[in-house]
Amino acid sequence: MAKVFDAAEVAAHNTRSSCWVILYGDVYDVTDILASHPGGSNVILKLAGQDATRDYDPVHPAGTLEENLKPGAKLGRVKADSVPRTGASAVEDDAGNLGRGPSLASLLNLDEIEREASRRISKRAYAYYYSASDDLCSKSLNKAVYRDILLRPRVFVDSTACDMSTSVLGSKVDVPFFIAPAAMARLAHPDGEHGLARAAARFGAMQIISNNASMRPERIVEGAPRHQVFGWQMYVQTDRQKSIDMLQRINAMRDRFKFICLTLDAPVPGKREHDEKSSFADGAGTRATDGGAVGRQLFLGTARDLTWATTLPWLARHTDLPVVLKGLQTHEDAYLAAMHAPQVKAIILSNHGGRAMDTAPPPLHTLLEIRKYCPEVFDKVEVWLDGGIRRGTDVVKALCLGATAVGLGRAPLFGLGAGGQAGAERVLESTCKFGSQFSRQATLRRTMVCTREADASPRRAVLEAEVATCMRLLGAKSISELGPRFINSRRVEREIYDGDPALDEGGRWISKARL
């Protein structure tokens, strides 16, 4: 029979030499993992002798304890009535907030959804999701640059049909936007990444799962329709064996995961001041964790020695899944990536949501650079982008300039925060009564995954309907019809890089070399 402890007994073990914590009602001796904990020892020590469930639960996938603690570390149970109420789990607290505030149907755009999420989720979670590097210049420009591109609607065009389906890496998807990799979804809501996956399934959207997801990949894809497209994001670790072990897990689920997304735009974290402020306890001058805020903790152990010459061959030795390179910010790097086709199948133009280097160019600038200096890249690899998408018109503008698909990072997380899985669906949805604008196949797919009674009622539109409305007003019946003739990008073109198109490696000129 398991030993039962009084909370006062546990509280006495609050030092580096004897550190106990309570998790889910069980008592654990975590002294041995203090030195190796990725977030630093103080993350644990500040909770030593206490119920750590509330802090632990949203950021650790199930099974983390079992994988990292030695046999015998679980000491017994704690008397439930001896634990202070402040140790209640975040799951209970968040669930209690869902009934308050406006209905999801009344939230008409992504800005309103973010405002509602900011009211419901913890300050720590909002600081992590909202934060960007330094003065937030890149984050702001990611969004603002779309306003400087104008649309050119055509008239006397039959706009009855509007097919938003497309393909990514040879797989059919029903919408041209996808859920980009963003860490720690359970900070927003217990539904977490699994809730995002179910929301994406409802709309036939692709999802790239974060390397730092708060749920295990097996759990995230559990129950997903067979046609749903998933990718796995990867940060290569200094301890390469950890990365190899994860690749082996993803290889074993290759029926679910269609590619590896290798992130390159943040070998070190940017200075995210909103997130950093949240690491100071209760506004005091003493930092609550020695690993920094959430974002800084996640980067501990990330390798900084990746190169074109070494990393892609290393990756090829451990997986034959297609590779998508995330975080390209210049046409030179896009060109070099295309030289590594067919191992590299796609690139994602991204400045990490403005969270790495501030004043880095918005992805739309890089897209225009590629069109100007090396348009042949589009023939070798698919070009995706993320960052700053707030409206369906933003999606359409990127597609008109040659993007295959467009990623949403923060928006689905704020959707979770506003209402769990239903909130994430609200970010993506238009209506559940699909009508003639959707293909019969897409309608059947959505019908299969719309299981709740609420899914049968129409709702006012957010992103999906905004894309459809924009395409209809332009006179485009399908994604394949979109092109630069539908937009005026002259104002933005004046702002992009205008120097020599020489490559950094090998001294080759893009204007002379051809892929």
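Quick notes on the rules
All residue numbers here refer to positions counted from 1 along the written sequence of the relevant chain. Reporting in this predicted model follows two pLDDT cut-offs: at least 70 for local features of residues, and 80 or more for side-chain atom pairs to be given and counted; totals over whole chains, interfaces and linings ignore these cut-offs and use all residues. Based on all heavy atoms of the structure, the side-chain values leave hydrogens and waters out of the count. UniProt positions are given in the numbering used here, feature names are shortened, and annotations may be inferred rather than shown by experiment. Each helix is a run of H or I in the DSSP string that is no shorter than four residues. Each strand is a run of E no shorter than two, and both are numbered from the N terminus. Partly exposed describes any residue whose relative accessible area lies between the buried limit of under 20% and the exposed limit of over 50%, with all areas from a 1.4 Å probe on protein chains only and scaled to the type maximum. Whether two residues touch is decided by their heavy atoms; if any such pair falls within 4.5 Å, the residues are in contact. Under the convention used here, a 1.4 Å probe and the Shrake-Rupley method define accessible areas, while residue burial counts only the protein chains that appear. Think of each axis as a best-fit line through the C-alpha atoms, taken over the contacting stretch in the case of a helix, with angles from 0 to 180 degrees between the N-to-C directions. We call two directions roughly parallel when the angle between them is under 35 degrees, roughly antiparallel when it is over 145, roughly perpendicular when it lies between 65 and 115, and oblique otherwise. Classification convention: Asp, Glu, Lys, Arg as charged; Ala, Val, Leu, Ile, Met, Phe, Trp, Tyr, Cys, Pro as nonpolar; all other residues, Gly among them, as polar. Only strands joined by at least two bridges in the DSSP assignment are considered to pair. Helix crossings get a hand from a simple test, with the near helix turned counterclockwise from the far one by less than a right angle marking a left-handed crossing and a clockwise turn marking a right-handed one. In this scheme Phe, Tyr and Trp rings, the latter by its six-membered ring, pair at centre separations within 6.5 Å, and the angle between planes marks the pair as stacked below 30 degrees, edge-to-face above 60, and tilted otherwise. Our definition puts a charge over a ring when NZ of Lys or CZ of Arg is within 6 Å of the ring centre and also within 35 degrees of the ring normal. For salt bridges, the criterion is a side-chain nitrogen of Lys or Arg within 4 Å of an Asp or Glu carboxyl oxygen. The definition of a nonpolar core used throughout is a set of buried Ala, Val, Leu, Ile, Met, Phe, Trp, Tyr and Cys residues joined through side-chain atoms within 4.5 Å. Computed over the protein atoms alone on a 1 Å grid, cavities are sets of points where a 1.4 Å probe fits but cannot get out and pockets are open sets with protein on both sides within 12 Å along at least five of seven lines; a residue lines them when it has an atom within 4 Å of a point. Grid points are joined across faces, edges and corners, and a volume is the space filled by probe spheres set on the points.

The chain goes by Mitochondrial cytochrome b2 in an unreviewed UniProt entry, where it is assigned to Drechmeria coniospora. The Cofactor (unreviewed entry) field of the UniProt record for the chain holds the comment "FMN".

## Section: the overall build of the chain
Per the secondary structure count, the chain includes 22 helices and 16 strands. Split into buried and exposed, the 515 residues of the chain put 57% on the buried side. In the chain, the share of contacts with a sequence separation of at least 24, taken over all contacts with a separation of at least 6, comes to 75%. As displayed, the chain offers around 22200 Å² of accessible surface, 52% of which is attributable to carbon and sulfur atoms.

## Considerations on the packing of helix 6 (residues 110–120) against helix 19 (residues 410–428)
Where helix 6 meets helix 19, the axes come as close as 7 Å, and the angle between the chain directions of the two elements is 100°. In terms of orientation, helix 6 lies roughly perpendicular with respect to helix 19. Where helix 6 approaches helix 19, its residues Leu-110, Ile-113, Glu-114, Glu-116, Ala-117 and Arg-120 are matched on the opposing element by Ala-411, Phe-414, Gly-415, Gly-417, Ala-418, Arg-426 and Val-427. Residue composition of the contact of helix 6 with helix 19, grouped by class: 7 nonpolar, 2 polar and 4 charged.

## Focus on the pairing of strand 3 (residues 26–29)
With 4 bridges connecting them, strand 2 (residues 20–23) and strand 3 associate as antiparallel partners. Residue Ile-22 lies in a different strand from strand 3, and its bridge partner there is Val-27. What sits between the antiparallel neighbours strand 2 and strand 3 is a turn of 2 residues, in which Tyr-24 has the positive phi angle 55°. Taken together, the 3 bridges between strand 3 and strand 4 (residues 74–78) define a ladder with antiparallel strand orientation.

## Description of the side chain of Thr-311
Residue placement: Thr-311 occurs in helix 14 (residues 311–318). In this structure Thr-311 touches Leu-262 and Leu-306, once residues within four positions along its chain are discounted.

## Some details on the packing of helix 9 (residues 192–202) against helix 19
Direction vectors running N to C along helix 9 and helix 19 enclose 15°, while the axes themselves pass 7 Å from each other. Viewed along their axes, helix 9 and helix 19 adopt a mutual orientation that is roughly parallel. With respect to the hand of their crossing, helix 9 and helix 19 are arranged in left-handed fashion. Where helix 9 approaches helix 19, its residues Gly-192, Gly-195, Leu-196, Arg-198, Ala-199, Ala-200 and Arg-202 are matched on the opposing element by Pro-412, Leu-413, Leu-416, Gln-421, Ala-424, Glu-425 and Leu-428. Class assignment for the residues of the contact of helix 9 with helix 19 results in 8 nonpolar, 3 polar and 3 charged.

## Some points on the packing of aromatic side chains
Per the stated rule, a full pass over the model turns up 11 aromatic pairs. Measuring from ring centre to ring centre gives 6.1 Å for Tyr-24 and Tyr-56, while their planes differ by 80°; the resulting arrangement is edge-to-face. In this pair, Tyr-24 is assigned in the loop between strand 2 and strand 3 and Tyr-56 in helix 3 (residues 53–56), connecting sequence segments 32 residues apart. With a centroid separation of 6.2 Å and 50° between ring planes, the pair formed by Phe-230 and Phe-257 is classed as tilted. With Phe-230 in strand 10 (residues 230–234) and Phe-257 in strand 11 (residues 257–263), this residue pair connects regions lying 27 residues apart in the sequence. Among the aromatic residues, ring-to-ring pairing joins Tyr-126, Tyr-128, Tyr-129, Tyr-130 and Phe-414 into one connected group. Note that Lys-139 overlies the ring of Tyr-130, its terminal NZ or CZ placed 3.4 Å from the centroid. Residue placement shows Arg-240 over the ring face of Trp-314; its charged tip is 5.9 Å from the ring centre.

## Some thoughts on the pattern of salt bridges
If the charged atoms of two oppositely charged side chains come close together, the side chains can form a pair. Considering all chains together, one arrives at 24 salt bridges under this definition. Between Asp-255 and Arg-226 there is a salt bridge; the shortest N-O distance is 2.6 Å. Of this pair, Asp-255 sits in the loop between helix 11 (240–251) and strand 11 while Arg-226 sits in the loop between helix 10 (217–220) and strand 10, placing them 29 residues apart in sequence. Since its relative accessible area comes to 39%, Asp-255 is described here as partly exposed.

## Details of the nonpolar core
In terms of nonpolar packing, the biggest core is built from 105 residues, with Tyr-129, Leu-325, Ile-347, Leu-364, Leu-385 and Leu-482 touching the most fellow members. Residue contributions to this core peak at 8 residues, all from helix 19. Those residues in contact with Tyr-129, other than ones at most four positions away along the chain, are Ile-121, Ala-183, Met-184, Ala-185, Leu-187, Ala-188, Arg-355, Arg-410, Leu-413 and Phe-414. Core analysis: the second largest hydrophobic core is formed by 16 residues, Cys-19, Ile-33, Leu-65 and Ala-73 among them.

## Let's talk about empty space enclosed by the protein
Tallying each qualifying case throughout the model produces 3 cavities of 30 Å³ or more. Computed from the structure, the largest cavity encloses a volume of approximately 60 Å³. What lines the largest cavity is a set of 13 residues, and nearest its centre among them are Ile-179, Ala-180, Ala-182, Leu-196 and Ile-208. Only helix 9, strand 9 (207–209) and helix 19 provide two or more residues apiece to the lining of the largest cavity. With 3 residues, the top contributor of residues to the lining of the largest cavity is strand 9. Grouping the constituent residues of the lining of the largest cavity by class yields 9 nonpolar, 3 polar and 1 charged.

## Quick notes on the environment of Gly-392
As for its placement among the helices and strands, Gly-392 is situated in helix 18 (residues 392–400). C-alpha separation for the pair Gly-392 and Met-471, spaced 79 residues apart in sequence, amounts to 9.3 Å. Among residues more than four places away in sequence, those in contact with Gly-392 are Leu-463, Glu-466 and Val-467.

## Some points on the environment of Ala-180
Along the chain, Ala-180 falls in the loop between strand 8 (177–179) and helix 9. Distance from Ala-180 to Ile-348, taken between C-alpha atoms, is 9.9 Å for residues 168 residues apart in sequence. If near-sequence neighbours (up to four positions away) are discounted, Ala-180 is found in contact with Ile-208, Asp-386, Gly-407, Leu-408 and Gly-409.

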